[in-house]
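Fold and geometry: a report
Chain by chain, the residues:
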Amino acid sequence: MDRLVVQGKTQVAEGVVALVLARPDGGRLPDWAPGAHVDLTLASGATRQYSLCGDRWDAHTYRVAVLREPDGRGGSAYVHDELAVGDTVGFGGPRNHFALVPSTRYLFVAGGIGITPLLPMVHQADLVGADWALLYGGRSRGTMAFADELARHGDRVTVHPQDEGGLLPLAAFVAGADEGTVVYCCGPAPLLAAIEDATAHRPRHLLRTERFVAADLGAPVRDEPFVLELARSGATVTVGPELSVLEAARRAGATALSSCEQGTCGTCETPVLAGVPDHRDSILADHERAAGDCLFPCVSRSCTDRLVLDL
Amino acid sequence: MTTTLDAVPTLDVDPFSHETLEDPLPMQAALRDAGPVVYLPRYDLYAVARYEEVRAALVDWQRFPSSAGVGMSNFKHETPWRPPSLLLEADPPHHDAPRAVLSAILGPRALRRLTDRWFADAEDLVAGLLDGRGDVVELDGMTALAEAFPLRVFPDAVGLPAEGREHLLPYGDHAFNAFGPSNDLVAKGAPRVGELSAWVASQCAREVLSDDGFGAAIWAASDRGDITPAQAPLIVRSLLTAGVDTTVHGLGAVLHGLATHPDAWATLRARPERARVAFDEAVRWQSPVQTFFRTAEGEVPIGGTVVPADHKILMFLGAANRDPRHWHDPDRFDLDRDPSGHVGYGMGLHQCVGQHVARLEGAALLTALARRVERIEPAAAPTRHHNNTMRAFAALPLRLTPARA
Ligand SMILES: Cc1cc2nc3c(=O)[nH]c(=O)nc-3n(C[C@H](O)[C@H](O)[C@H](O)COP(=O)(O)OP(=O)(O)OC[C@H]3O[C@@H](n4cnc5c(N)ncnc54)[C@H](O)[C@@H]3O)c2cc1C
Ligand code: HEM
Ligand code: FES
């Protein structure tokens, strides 16, 4: 199974740690663009999503930042309390449902840990010479990660802690939007509702949001071997953690064309006849994942004891 | 601190001479054997021809960007012959949005709606060539099959009107020549560039395109704000440039491979579900797109030496696909081989976004042929068509023996 090793772990704000992740062999990681997140499989098979907030020009490390969620089911607490430098985590993706569309003007609104996907976006907006501004809210200054990194952008960035200035002045912030301005917002549900209200008079596609909702837990990701059955030949093979489904299928005699072998190109797409896939690719949208009728065996695996593929 | 660098091996070869284009294999072997990177004094550029280095250069968009052009010309110092492609000749972040839009439109799940129609079209094309023509049919595999099939299905899928489609192949031929040096092949196309470019540009307009094709889907993405309205026509243009000649010569390659390897034809007839693998094996073996360039961003170390900043580096995809360091018996067209990992479609960020279209065309045509044709043989030696980028055929005389009904 594809795993990443924790190369660095730093406290970047109260309740927020940043992780630097790399391949155990130091190889290139899959490419990504601002707005992308990876799926990390933490202890006990729990999968959580974390937005990439590092530098895409660095092909060898990912950076994510994780907020401790006291009411959660333990994923973020595990990252804070147990995960240590040198440990490994399972990973899938990157996937992107929050892509930065081309424009000459952007307004970015971040609430708390919602700064993570916006951080590479503002760097990119700067790089292409777009006109942009960021309004960044949080409970208090000490809880707001990356305010220091953002300081170099001067007055394009407004840091607005709630205990000093109250709620974010959204209406005023978006008042200057012209017809080409795209608004990006990531943060807690009340903030997203407020930005929708504040931009209700504008075309819908000019507002792009992402919510860090806790996904319903599907079957937990497994480390134990499962049985792969190839429907066309009837062959079966046991797939342990050291083997990809693609490799296992080939060992069992299947011809399976592949290319990138990192879940991005789509060449190896294979119909699933039985079993529940554990999707690790960068390609399928959430509803396509949920359908469970195909998988990319170069990276994806099985949540169930038995997986039957049309191979 | 000083590091000792190996001297770069130098080879005085011309990858774009008619002699090399007729048969590039000896030069490619010499380049591979000379070293991991080779200096070509004739054009003052660096070349990689081994699988490992070609693949590494393809995926490393950070150090080998594309926005200075993927041909010999360096856009930092020379004006491109046309507005640069928003995909092929762009780097992140500009590359992101056009790529995301096309990947969705040309992805395998989006193509499912075309599968049945293209398989039926292939059956129909093959039936038209065989029915009532006797026990043996001789034809030019290029015009009758390799060109006829893509021209039948692809422009419709894009949503082009019927008139003017004959401009597609000459335009693509020139565009692929233009990645090379300004030699006689480029000069040959020059007189028609204005006319062909104007025609292509006119076909990218929203009102010219049908409302259910790839072209309309690109314009719909601009309505959703995923790309800008100014980008849409150039993204349509990418399909018209990159989507026709490539598949024509990919199909030519697989027909040539099957005609010259009766064992492979027997395998395909017995197991037509291998058509998709057969097509990719042909893309490996002939590599219809032979070469692309990059430009070094800063000094880039490769294999013990350094490519100097801002220098062009020429990646030999075709040579990598026949590198014996990576492939067993690489010169053999072999349907029992797993061609996975070949770099005939490139690799990484710019890897062919049309590869699923190409494979679907290949699978459709080969499936129809396997069903209707018992034997396929060369009727005469094929003749090559010379192009600075593509490995192409001018004519592929074939003799088909229809299967008894
Ligand atoms: C696309 C995406 C990107 C993300 N990026 C980041 C990031 O960059 N940084 C970051 O810190 N987090 C990010 N998240 C959130 C992250 O994936 C985790 O949800 C978060 O770390 C909390 O995990 P947990 O296990 O501690 O808590 P969870 O168990 O996931 O709980 C989180 C919240 O959901 C509620 N909840 C608990 N159980 C359920 C349930 N069954 N159904 C619905 N809600 C429930 C909890 O009360 C709690 O308020 C992202 C989420 C998504 C979807
Ligand atoms: C056998 C057929 C084909 C071959 C061998 C082929 C080959 C290639 C190669 C090698 C590249 C990579 C270029 C680079 O890295 O700089 C590429 C890119 C591309 N191809 Fe293809 N191609 C084929 C068919 C098609 C088709 C059918 C389409 C359109 C439907 C298409 C559209 C494109 C586009 C738009 C790009 C640029 C992608 C990007 O830069 O992100 N190709 N192709
Ligand atoms: S080989 Fe590219 S997605 Fe599996």
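The model shown is predicted, which means the values in this text are computed figures rather than measured ones. (Residues numbered from 1 in each chain as written. Chains lettered and ligands numbered in written order. Predicted model: local features only at pLDDT ≥ 70, side-chain atom pairs only at ≥ 80, totals over all residues. Heavy atoms only, no water.)

**Notes on the overall build of chain A**
Check the secondary structure of chain A and you find eight helices and 18 strands. Its C-alpha atoms give chain A a radius of gyration of 21 Å, within 12% of the compact-globule value 19 Å for 311 residues. Projected onto the principal axes, the alpha-carbon positions of chain A cover approximately 65 × 40 × 35 Å. The burial tally for chain A puts 53% of its 311 residues in the buried class. (Helix = DSSP H or I, 4+ residues; strand = E, 2+ residues; numbered from the N terminus. Rg over C-alpha atoms; globule rule 2.2 N^0.38 Å. Buried < 20%, exposed > 50% of the residue type's maximum accessible area, 1.4 Å probe, protein only.)

**A few points about the interface of chain B and chain A**
Chain B puts 35 residues into the contact, and the matching count from chain A is 31 residues. At the surface where chain B touches chain A, the tally comes to seven salt bridges. Linking A:Arg208 and B:Asp226 is a salt bridge whose minimum nitrogen-to-oxygen distance equals 2.9 Å. Counting the contacts that link chain B with chain A gives 22 residue pairs in polar contact (both at pLDDT 80 or more). Within the side of chain B that touches chain A, the residues separate by chemical class into eleven nonpolar, ten polar and 14 charged. (Contact = heavy atoms within 4.5 Å. Salt bridge = Lys/Arg side-chain N within 4 Å of Asp/Glu carboxyl O. Polar contact = N/O pair within 3.5 Å; in protein donor to acceptor, adjacent residues only side chain to side chain. Nonpolar A, V, L, I, M, F, W, Y, C, P; charged D, E, K, R; others polar.)

**With respect to the coordination of the iron atom of ligand 2**
There is one protein donor for the iron atom of ligand 2, namely B:Cys352 (SG), at 2.3 Å. Counting through the fold element by element, B:Cys352 comes out in the loop between α14 (317–320) and α15 (355–372). (Donors = N, O, S within 2.8 Å, 3.2 Å for Na, K, Ca; no water.)

**Some words on the site of ligand 2**
All names here are of chain B. Near ligand 2 you find 27 residues, and of these His95, Arg99, Arg294, His350 and Cys352 are the closest. A distance of 3.3 Å separates an oxygen atom of ligand 2 from a polar atom in the backbone of Leu87. Ala242 places a main-chain nitrogen or oxygen 3.3 Å from a nitrogen atom of ligand 2. At the level of secondary structure, the elements contributing two or more residues to the shell around ligand 2 comprise α10 (232–242), α11 (245–260), β4 (291–295) and α15. Counting residues per element, the shell around ligand 2 draws most heavily on α10, which supplies three residues. Of the residues belonging to the shell around ligand 2, the class tally is 16 nonpolar, nine polar and two charged. (Near = heavy atom within 4 Å.)

**Quick notes on the packing of helix α6 (residues 141–158) of chain B against α11(B)**
All names here are of chain B. Remark: α6 packs on α11, axes separated minimally by 8 Å, with the N-to-C direction vectors making an angle of 135°. Classified by the angle between their axes, α6 and α11 sit oblique to one another. Considering how the two elements wind past one another, α6 and α11 form a crossing that is right-handed. Contact with α6, carried on its side by Gly141, Met142, Leu145, Ala146, Glu147, Phe149 and Pro150, involves Thr247, Val248, His249, Leu251, Gly252 and Leu255 of α11 and no other residues of that element. (Axes fitted to C-alpha atoms, helices over the stretch in contact; angles between N-to-C directions. Parallel < 35°, antiparallel > 145°, perpendicular 65-115°, else oblique. Left-handed = near helix turned anticlockwise from the far one by under 90°.)

**Things to note about the sheet that holds strand β11 (residues 207–210) of chain A**
Pairing between the strands of a sheet comes from backbone hydrogen bonds, and it takes one of two forms, parallel or antiparallel. Residues and elements named next belong to chain A. Taken in spatial order, the five strands make up an open sheet running β9-β8-β7-β10-β11, and their pairing is parallel. The open sheet has two edge strands with one neighbour each: β9 (157–161) and β11. Strand-to-strand twist of the sheet, defined as the mean angle between neighbouring strand axes without regard to direction, takes the value 15°. In terms of strand pairing, strand β7 (residues 105–111) meets strand β10 (residues 182–186) through five bridges, oriented parallel. Across the sheet, Val109 pairs through a bridge with Cys185, a residue of β10. With respect to the sheet, helix α2 (residues 115–127) is in contact with β7, β8 (131–138) and β10, its orientation differing from that of β7 by roughly 155°. Sheet strands in contact with helix α6 (residues 189–198) are β7, β10 and β11, and its direction is about 160° off that of β10. (Pairing = 2+ DSSP bridges.)

**Considering the site of ligand 1**
Residues and elements named next belong to chain A. Around ligand 1 sit 22 residues in total, of which Arg48, Gln49, Tyr50, Arg73 and Ser76 are the nearest. Within the backbone of Gln49, an N or O atom sits 2.7 Å from an oxygen atom of ligand 1. Within the backbone of Leu67, one N or O atom sits 2.8 Å away from an oxygen atom of ligand 1. In the complex, the protein chains occlude 77% of the 950 Å² of accessible area that ligand 1 would expose alone. Counting only elements with at least two residues in the shell around ligand 1, the list comes to β4 (47–51), β5 (61–67) and α1 (75–81). Residue composition of the shell around ligand 1, by class: eight nonpolar, eight polar and six charged. Mapping the shell around ligand 1 onto the domain boundaries places at least three of its residues in each of domain 1 (3–96) and domain 2 (105–211). (Areas by Shrake-Rupley, 256 points an atom, 1.4 Å probe, with all protein chains shown as cover. Domains from an automatic or database assignment.)

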